[in-house]
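Geometric and topological summary
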Amino acid sequence: MSTVALIDDHESVRLGLELACERADSGTVVFSGSTVGAYLSWRTTAGASPADVVVLDLTLGDGTTVTENVTALVSDGASVVIHSVADRPAAVREALAAGAAGVVSKSSALDDVLHAIRTVARGEALNNVEWASAVEGDREFADAQLSVRERDVLRLYATGLPLKAVAERLGVAYSTAKENITRVRVKYVEVGRPAPTKVDLLRRAMEDGIVAPDGAASAR
(Lines give C-alpha, C1' and ligand atoms only; values in the text may rest on other atoms or scores of the structure.)
Protein backbone atom coordinates (compact mmCIF):
# COMPACT_ATOMS: atom_id res chain seq x y z
CA MET A 1 0.00 0.00 0.00
CA SER A 2 1.23 3.51 -0.79
CA THR A 3 2.33 5.90 1.95
CA VAL A 4 0.89 9.41 2.28
CA ALA A 5 2.03 12.54 4.12
CA LEU A 6 -0.35 15.42 4.84
CA ILE A 7 1.07 18.93 5.17
CA ASP A 8 -1.43 21.67 5.96
CA ASP A 9 -1.51 24.28 8.70
CA HIS A 10 -5.21 23.64 9.27
CA GLU A 11 -5.42 20.69 11.66
CA SER A 12 -9.06 19.98 10.86
CA VAL A 13 -8.20 19.51 7.17
CA ARG A 14 -5.39 17.09 8.00
CA LEU A 15 -7.51 15.07 10.42
CA GLY A 16 -10.35 14.82 7.92
CA LEU A 17 -8.06 13.63 5.14
CA GLU A 18 -6.30 11.18 7.43
CA LEU A 19 -9.60 9.61 8.46
CA ALA A 20 -10.78 9.49 4.85
CA CYS A 21 -7.58 7.77 3.70
CA GLU A 22 -7.91 5.14 6.42
CA ARG A 23 -11.58 4.46 5.71
CA ALA A 24 -11.13 4.27 1.94
CA ASP A 25 -7.93 2.26 2.12
CA SER A 26 -6.28 4.91 -0.07
CA GLY A 27 -2.86 4.76 1.54
CA THR A 28 -1.22 4.69 4.93
CA VAL A 29 -0.80 8.16 6.41
CA VAL A 30 2.73 8.17 7.81
CA PHE A 31 2.96 11.87 8.66
CA SER A 32 0.57 14.71 9.40
CA GLY A 33 1.92 18.18 10.13
CA SER A 34 1.88 21.88 9.38
CA THR A 35 5.20 22.48 7.60
CA VAL A 36 7.51 20.84 5.10
CA GLY A 37 10.36 21.38 7.53
CA ALA A 38 8.56 19.30 10.16
CA TYR A 39 8.02 16.51 7.63
CA LEU A 40 11.69 16.47 6.60
CA SER A 41 12.79 16.51 10.24
CA TRP A 42 10.49 13.58 10.95
CA ARG A 43 12.00 11.71 8.02
CA THR A 44 15.51 12.23 9.39
CA THR A 45 14.65 11.41 13.00
CA ALA A 46 12.57 8.35 12.19
CA GLY A 47 14.83 7.12 9.40
CA ALA A 48 11.69 6.74 7.31
CA SER A 49 11.52 6.49 3.53
CA PRO A 50 9.97 9.39 1.60
CA ALA A 51 6.18 9.22 1.42
CA ASP A 52 4.91 8.08 -1.96
CA VAL A 53 2.55 11.05 -2.08
CA VAL A 54 2.62 14.31 -0.14
CA VAL A 55 -0.66 16.23 -0.06
CA LEU A 56 0.47 19.84 0.33
CA ASP A 57 -1.44 23.02 1.03
CA LEU A 58 -0.51 25.72 -1.48
CA THR A 59 0.22 28.36 1.16
CA LEU A 60 1.55 27.55 4.62
CA GLY A 61 1.74 29.94 7.54
CA ASP A 62 5.49 29.60 8.16
CA GLY A 63 6.56 32.06 5.46
CA THR A 64 7.84 29.48 3.00
CA THR A 65 7.06 29.75 -0.72
CA VAL A 66 5.33 27.13 -2.80
CA THR A 67 8.44 26.75 -4.96
CA GLU A 68 10.60 26.11 -1.90
CA ASN A 69 8.18 23.55 -0.52
CA VAL A 70 7.49 21.64 -3.73
CA THR A 71 11.17 21.61 -4.72
CA ALA A 72 12.21 20.30 -1.31
CA LEU A 73 9.62 17.52 -1.36
CA VAL A 74 10.28 16.44 -4.95
CA SER A 75 14.05 16.48 -4.35
CA ASP A 76 13.46 14.32 -1.29
CA GLY A 77 11.74 11.70 -3.44
CA ALA A 78 8.01 12.30 -2.99
CA SER A 79 5.28 13.06 -5.51
CA VAL A 80 3.32 16.17 -4.56
CA VAL A 81 -0.40 16.81 -4.89
CA ILE A 82 -1.37 20.42 -4.23
CA HIS A 83 -4.54 20.64 -2.12
CA SER A 84 -5.79 24.19 -1.97
CA VAL A 85 -8.50 26.66 -2.85
CA ALA A 86 -8.57 27.26 -6.60
CA ASP A 87 -8.33 31.05 -6.55
CA ARG A 88 -4.60 31.56 -7.01
CA PRO A 89 -3.72 30.38 -10.54
CA ALA A 90 -0.30 32.06 -10.50
CA ALA A 91 0.68 30.12 -7.36
CA VAL A 92 -0.70 26.92 -8.86
CA ARG A 93 1.41 27.47 -11.98
CA GLU A 94 4.41 28.06 -9.73
CA ALA A 95 3.76 24.75 -7.95
CA LEU A 96 3.45 22.86 -11.23
CA ALA A 97 6.62 24.45 -12.59
CA ALA A 98 8.45 23.33 -9.43
CA GLY A 99 7.42 19.73 -10.08
CA ALA A 100 4.06 19.13 -8.39
CA ALA A 101 2.21 16.18 -9.88
CA GLY A 102 -1.16 17.91 -9.94
CA VAL A 103 -3.76 19.99 -8.15
CA VAL A 104 -7.00 19.18 -6.40
CA SER A 105 -9.26 21.84 -4.91
CA LYS A 106 -10.28 21.92 -1.27
CA SER A 107 -13.82 22.34 -2.52
CA SER A 108 -13.62 18.93 -4.23
CA ALA A 109 -15.44 15.93 -2.83
CA LEU A 110 -13.30 13.69 -0.62
CA ASP A 111 -13.62 10.92 -3.20
CA ASP A 112 -11.97 13.19 -5.76
CA VAL A 113 -9.10 13.95 -3.39
CA LEU A 114 -8.61 10.26 -2.65
CA HIS A 115 -8.74 9.46 -6.38
CA ALA A 116 -6.00 12.05 -6.97
CA ILE A 117 -3.81 10.47 -4.27
CA ARG A 118 -4.27 6.98 -5.72
CA THR A 119 -3.61 8.19 -9.27
CA VAL A 120 -0.36 9.92 -8.37
CA ALA A 121 0.74 7.00 -6.17
CA ARG A 122 0.47 4.77 -9.26
CA GLY A 123 2.76 7.13 -11.13
CA GLU A 124 0.01 8.27 -13.48
CA ALA A 125 -0.63 11.79 -14.75
CA LEU A 126 -3.25 13.75 -12.84
CA ASN A 127 -5.42 15.72 -15.24
CA ASN A 128 -8.13 17.88 -13.69
CA VAL A 129 -9.99 21.16 -13.98
CA GLU A 130 -7.80 23.03 -11.49
CA TRP A 131 -4.68 22.05 -13.43
CA ALA A 132 -6.17 23.09 -16.76
CA SER A 133 -7.35 26.41 -15.36
CA ALA A 134 -3.89 27.14 -14.00
CA VAL A 135 -2.05 26.65 -17.28
CA GLU A 136 -4.68 27.78 -19.77
CA GLY A 137 -3.75 31.02 -21.48
CA ASP A 138 -0.35 31.27 -19.80
CA ARG A 139 1.85 31.10 -22.88
CA GLU A 140 5.09 31.79 -21.04
CA PHE A 141 4.44 28.81 -18.79
CA ALA A 142 3.16 26.47 -21.48
CA ASP A 143 5.47 27.14 -24.40
CA ALA A 144 8.58 24.98 -24.59
CA GLN A 145 8.92 26.06 -28.26
CA LEU A 146 9.02 22.53 -29.66
CA SER A 147 9.65 22.07 -33.35
CA VAL A 148 7.11 20.30 -35.57
CA ARG A 149 9.25 17.15 -35.58
CA GLU A 150 9.71 17.24 -31.81
CA ARG A 151 5.96 17.59 -31.33
CA ASP A 152 5.32 14.64 -33.66
CA VAL A 153 7.80 12.43 -31.81
CA LEU A 154 6.47 13.51 -28.42
CA ARG A 155 2.83 12.93 -29.47
CA LEU A 156 3.49 9.31 -30.47
CA TYR A 157 5.97 8.47 -27.73
CA ALA A 158 3.94 9.98 -24.88
CA THR A 159 0.80 8.10 -25.88
CA GLY A 160 2.50 4.73 -25.56
CA LEU A 161 4.56 3.81 -28.60
CA PRO A 162 8.11 2.55 -28.02
CA LEU A 163 10.73 4.87 -29.47
CA LYS A 164 11.63 2.36 -32.19
CA ALA A 165 7.99 2.24 -33.30
CA VAL A 166 7.84 6.06 -33.25
CA ALA A 167 10.84 6.19 -35.60
CA GLU A 168 9.24 3.67 -37.95
CA ARG A 169 5.91 5.50 -37.93
CA LEU A 170 7.59 8.80 -38.84
CA GLY A 171 10.06 7.27 -41.30
CA VAL A 172 13.15 8.46 -39.43
CA ALA A 173 16.14 6.72 -37.90
CA TYR A 174 15.89 5.50 -34.30
CA SER A 175 18.77 7.82 -33.40
CA THR A 176 16.82 10.78 -34.80
CA ALA A 177 13.75 9.96 -32.72
CA LYS A 178 15.93 9.54 -29.64
CA GLU A 179 17.66 12.89 -30.27
CA ASN A 180 14.25 14.56 -30.58
CA ILE A 181 13.04 13.20 -27.25
CA THR A 182 16.29 14.31 -25.62
CA ARG A 183 15.83 17.83 -27.00
CA VAL A 184 12.19 17.85 -25.84
CA ARG A 185 13.30 17.01 -22.29
CA VAL A 186 15.99 19.70 -22.38
CA LYS A 187 13.51 22.33 -23.60
CA TYR A 188 11.03 21.47 -20.84
CA VAL A 189 13.80 21.77 -18.24
CA GLU A 190 14.71 25.18 -19.65
CA VAL A 191 11.18 26.50 -19.04
CA GLY A 192 11.05 25.04 -15.53
CA ARG A 193 8.89 22.02 -16.39
CA PRO A 194 11.18 18.98 -16.19
CA ALA A 195 9.94 15.71 -17.68
CA PRO A 196 12.41 12.98 -16.71
CA THR A 197 9.97 10.06 -17.16
CA LYS A 198 7.54 8.99 -19.86
CA VAL A 199 4.64 9.78 -17.53
CA ASP A 200 6.03 13.31 -17.12
CA LEU A 201 6.26 13.66 -20.91
CA LEU A 202 2.62 12.63 -21.24
CA ARG A 203 1.69 15.21 -18.63
CA ARG A 204 3.56 17.96 -20.47
CA ALA A 205 2.05 16.92 -23.79
CA MET A 206 -1.47 17.11 -22.30
CA GLU A 207 -0.73 20.53 -20.79
CA ASP A 208 0.39 21.84 -24.17
CA GLY A 209 -2.46 20.35 -26.21
CA ILE A 210 -0.16 17.96 -28.06
CA VAL A 211 -2.06 15.04 -26.54
CA ALA A 212 -5.77 15.10 -25.70
CA PRO A 213 -6.81 15.10 -22.00
CA ASP A 214 -7.78 11.43 -22.26
CA GLY A 215 -4.23 10.53 -23.27
CA ALA A 216 -5.02 10.07 -26.97
CA ALA A 217 -2.90 11.73 -29.62
CA SER A 218 -4.26 15.13 -30.56
CA ALA A 219 -4.87 16.08 -34.14
CA ARG A 220 -3.16 19.42 -33.58
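Scroll up for the structure.
Owing to the predicted nature of the structure, the values given are computational and were not obtained by experimental measurement. Every residue gets a number counted from 1 within its own chain, in the order that chain's sequence is written. Given that this is a predicted model, residues contribute local features only at a pLDDT of at least 70 and side-chain atom pairs are listed and counted only at 80 or more, while totals for whole chains, interfaces and linings are drawn from all residues. Just so you know, side-chain values use all the structure's heavy atoms and leave hydrogens and water out.

Considering the overall build of the protein chain
When its secondary structure is counted, the protein chain shows 11 helices and five strands. Each residue's exposure class comes from its accessible area (1.4 Å probe, protein chains only) as a fraction of the maximum for that residue type: buried when under 20%, exposed when over 50%, partly exposed otherwise. For the protein chain, buried positions account for 44% of its 220 residues. It only takes one pair of heavy atoms within 4.5 Å for two residues to be counted as in contact. Excluding contacts between residues fewer than 6 apart, the proportion of contacts in the protein chain whose partners are at least 24 apart in sequence is 65%. Of the roughly 10,400 Å² of accessible surface on the protein chain, a fraction of 52% belongs to carbon and sulfur atoms. Under the DSSP-based scheme used, a helix requires at least four consecutive residues in state H or I and a strand at least two consecutive residues in state E, with every element numbered from the N terminus. Here the open area of atoms and residues is found with the Shrake-Rupley method and a 1.4 Å probe, where only the protein chains shown may cover a residue.

Quick look at the packing of helix H9 (residues 163–170) against helix H10 (residues 174–190)
Remark: H9 packs on H10, axes separated minimally by 8 Å, with the N-to-C direction vectors making an angle of 110°. Between H9 and H10, the angle is such that the two are roughly perpendicular. Crossing of H9 against H10: the hand is right-handed. Contact with H9, carried on its side by Leu163, Lys164 and Ala167, involves Tyr174, Ala177, Lys178 and Ile181 of H10 and no other residues of that element. Note that Gly is not counted as nonpolar here; it falls among the polar residues with everything else outside the nonpolar set of Ala, Val, Leu, Ile, Met, Phe, Trp, Tyr, Cys and Pro and the charged set of Asp, Glu, Lys and Arg. When grouped by side-chain class, the residues that make up the contact of H9 with H10 number five nonpolar, no polar and two charged. Axes here mean lines fitted to C-alpha atoms, for a helix over just the part in contact, with angles spanning 0 to 180 degrees between N-to-C directions. Note on terminology: angles under 35 degrees are roughly parallel, angles over 145 are roughly antiparallel, angles of 65 to 115 are roughly perpendicular, and the others are oblique. Note on convention: near helix rotated counterclockwise from far helix by under a right angle means a left-handed crossing. Clockwise means right-handed.

What to know about the packing of aromatic side chains
Aromatic pairing here means that ring centres of Phe, Tyr or Trp (its six-membered ring) are within 6.5 Å. Orientation follows from the plane angle: under 30 degrees is stacked, over 60 is edge-to-face, and everything else is tilted. Under the defined criterion, the tally for this structure stands at three aromatic pairs. Between Phe31 and Trp42, the aromatic rings sit 5.6 Å apart at their centres with planes inclined by 40°, giving tilted as the arrangement. A residue pair is termed long-range when its members are at least 10 positions apart, and Phe31 in strand E2 (residues 28–33) and Trp42 in helix H2 (residues 36–46) qualify at 11 residues. Assessed through its relative accessible area of 10%, Phe31 is described here as buried. In this structure Trp42 comes out as partly exposed when scored by relative accessible area, which is 24%.

Some points on helix H11 (residues 198–207)
Where burial is concerned, most of H11 is hidden: eight out of the 10 residues are buried. Taken residue by residue, H11 has Asp200, Leu201, Leu202, Arg203, Arg204, Ala205, Met206 and Glu207 as its buried positions. Trailing H11 by a residue or two, Gly209 shows a phi angle of about 75°, which is positive.

Considerations on the sheet that holds strand E3 (residues 53–56)
Spatially, five strands are ordered E2-E1-E3-E4-E5 in an open sheet, and the strand pairing comes out parallel. Only two strands of the sheet have a single neighbouring strand rather than two, namely E2 and strand E5 (102–105). Mean inter-strand twist for the sheet, computed between neighbouring axes without regard to direction, equals 20°. Contacts from helix H1 (residues 11–24) reach strand E1 (3–7), E2, E3 and strand E4 (79–84), with the element oriented near 175° to E2. Paired strands, as defined in this entry, are two strands with at least two bridges between them according to DSSP.

Quick word on the nonpolar core
Working definition of a nonpolar core: buried Ala, Val, Leu, Ile, Met, Phe, Trp, Tyr and Cys residues. They are joined through side-chain atoms within 4.5 Å. Formed by 23 residues in total, the largest nonpolar core has its most connected members in Ile7, Tyr39, Val54, Leu56, Val70, Leu73 and Ile82. Put simply, the parts of the chain that give this core at least two residues each are E1, H2, E3, helix H3 (66–76), E4 and helix H4 (89–97). Here this core takes four residues from H4, the largest share from any one element. Counting 22 residues, the second-largest nonpolar core is a separate cluster that includes Leu163, Ile181, Leu202 and Ile210.

A look at the side chain of Asp57
Within the secondary structure layout, Asp57 lies in the loop between E3 and H3. By relative accessible area, Asp57 is classed as buried at 5%. Among the polar contacts made by the side chain of Asp57, one reaches the side chain of Lys106 at a distance of 3.4 Å. Look past the residues within four positions of Asp57 in its chain and what remains in contact with it is Ile7, Asp8, Asp9, His10, His83, Ser84 and Lys106. Any N or O atom pair separated by 3.5 Å or less is treated as a polar contact, with the protein-specific requirement of one donor-capable and one acceptor-capable atom, and with residues adjacent in sequence counted only for side-chain atom pairs.

A few points about the pattern of salt bridges
Salt-bridge detection follows one rule: a side-chain nitrogen of Lys or Arg within 4 Å of a carboxyl oxygen of Asp or Glu. Applying the stated criterion across every chain, the model contains eight salt bridges. The shortest N-O distance in the salt bridge between Arg183 and Glu150 comes to 2.9 Å. Of this pair, Arg183 sits in helix H10 while Glu150 sits in helix H8 (residues 148–158), and the two are 33 residues apart along the sequence. Residue Lys187 is joined to Glu150 by a salt bridge in which the shortest nitrogen-to-oxygen separation is 2.8 Å. Note that Lys187 is positioned in helix H10 and Glu150 in helix H8, a separation of 37 residues in sequence. Several salt bridges converge on common partners, so that one network encompasses Asp8, Asp57 and Lys106.

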